[in-house]
Amino acid sequence: MQSVGFDLDMTLADTRAGIAAVYDELALRMGVAIDSAAVVARLGPPLEWELANWLPADEIPEAVTVFRSLYPSLAIPATSLMPGAREAVDAVRRAGGKVIVVTGKNVRDAKSTVEFLGLDVNEVAGSVFGADKGPALATFGAAAYVGDHVADIEAARAGGAVSVAVATGLYPAGELREHGADVVLGDLTQFAGWFDGWRAQTALV
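Rules and cut-offs
- Residues numbered from 1 in each chain as written.
- Predicted model: local features only at pLDDT ≥ 70, side-chain atom pairs only at ≥ 80, totals over all residues.
- Heavy atoms only, no water.
- Pairing = 2+ DSSP bridges.
- Helix = DSSP H or I, 4+ residues; strand = E, 2+ residues; numbered from the N terminus.
- Axes fitted to C-alpha atoms, helices over the stretch in contact; angles between N-to-C directions.
- Contact = heavy atoms within 4.5 Å.
- Salt bridge = Lys/Arg side-chain N within 4 Å of Asp/Glu carboxyl O.
- Buried < 20%, exposed > 50% of the residue type's maximum accessible area, 1.4 Å probe, protein only.
- Core = buried A, V, L, I, M, F, W, Y, C linked by side-chain atoms within 4.5 Å.

Chemist: How should I be thinking about the sheet that holds strand β7 (residues 162-166) in this particular structure?
Modeler: The pairing of strands in a sheet happens through backbone hydrogen bonds and is either parallel or antiparallel. The strand order β5-β4-β1-β6-β7-β8 describes an open sheet built from 6 strands, whose pairing is parallel. Each edge of the open sheet carries a strand with a single partner, namely β5 (123-125) and β8 (183-185). Taken over all neighbouring pairs, the strand axes of this sheet differ in orientation by 20° on average, direction set aside. Sheet topology note: the strand β4 (residues 99-102)/β5 ladder contains 3 bridges and is parallel. Looking at β5, one finds that Val101 is bridged to Val124. Lying over the sheet, helix α5 (residues 85-94) contacts β1 (4-6) and β4, oriented at roughly 160° with respect to β1.

Chemist: How should the pattern of salt bridges be read in this particular structure?
Modeler: Across all of its chains, the model carries 9 salt bridges by this definition. The shortest N-O distance in the salt bridge between Asp9 and Lys105 comes to 3.1 Å. On the criterion of sequence distance, the pair formed by Asp9 in the loop between β1 and β2 (13-14) and Lys105 in the loop between β4 and α6 (107-117) is long-range, its members being 96 residues apart. As a salt-bridge pair, Glu50 and Arg42 come within 2.8 Å of each other at their nearest N and O atoms. For Glu50, a relative accessible area of 10% gives the class buried. Residues joined in a network through salt bridges with shared partners are Asp7, Lys133 and Asp152.

Chemist: How should I be thinking about the nonpolar core in this particular structure?
Modeler: Note on soluble globular proteins: their nonpolar side chains tend to be buried together. Ranked by internal contacts, the top residues of the largest apolar core, which has 54 residues, are Phe6 and Phe191. Apart from the residues within four sequence positions on either side, Phe6 is in contact with Leu12, Ala88, Val89, Val92, Val99, Ile100, Val101, Val102, Tyr145, Val146, Leu188 and Phe191. Listed in part, the 12 residues of the second largest apolar core include Ala125, Leu137, Phe140 and Ala142.

Chemist: Can you walk me through the pairing of strand β6 (residues 144-147) in this structure?
Modeler: The alternating pattern of β6 places Ala144 and Val146 on one face and Tyr145 and Gly147 on the opposite face, and all of these are buried. Bridge count between β1 and β6: 3 bridges; the pairing is parallel. The residue bridging Gly5 from the neighbouring strand is Tyr145, located in β6. In this sheet, β7 lies alongside β6 in parallel orientation, the contact comprising 4 bridges.

Below is the structure:
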């Protein structure tokens, strides 16, 4: 049995439209210009990091509060599954494995997103990025971690997991390979085939 961790934004969930809507409303409420198209083109890092591109440090806590108050009503209903996401999760579950979602998104919104999309996962860990995802992956016993960001490769390494990168976010396949991903897939439609082959190989070791 091989348990697997997945990133959320641009790995399992296409959150671009919803997050753009939240940033557009946030910009109006905070009276600041925010290029939401630029924001959603680089999803992955923590909210506070992105807000630092648009606001002075002393206004970020207020912006975080406003953003999170808007997220459930604006972002979640506009979220959709990435191609192959449901099939990828189902492939792990069908094989008797468990699934954990480990994301930079806060736990409340991450859980709500997973529930809205109807994904069958065992656990959700949030508000962690890069190597800080490692402890959640290790504690859960994830043998592989799937993500779209180069920081997800660091996460897999920190958690002692195989790094499976999908070229569905900011980084193309070549850059993901250069950053040391063990496996690079075009998208999650390729995951089930890889997963079945990987399980067969590891069973022989």
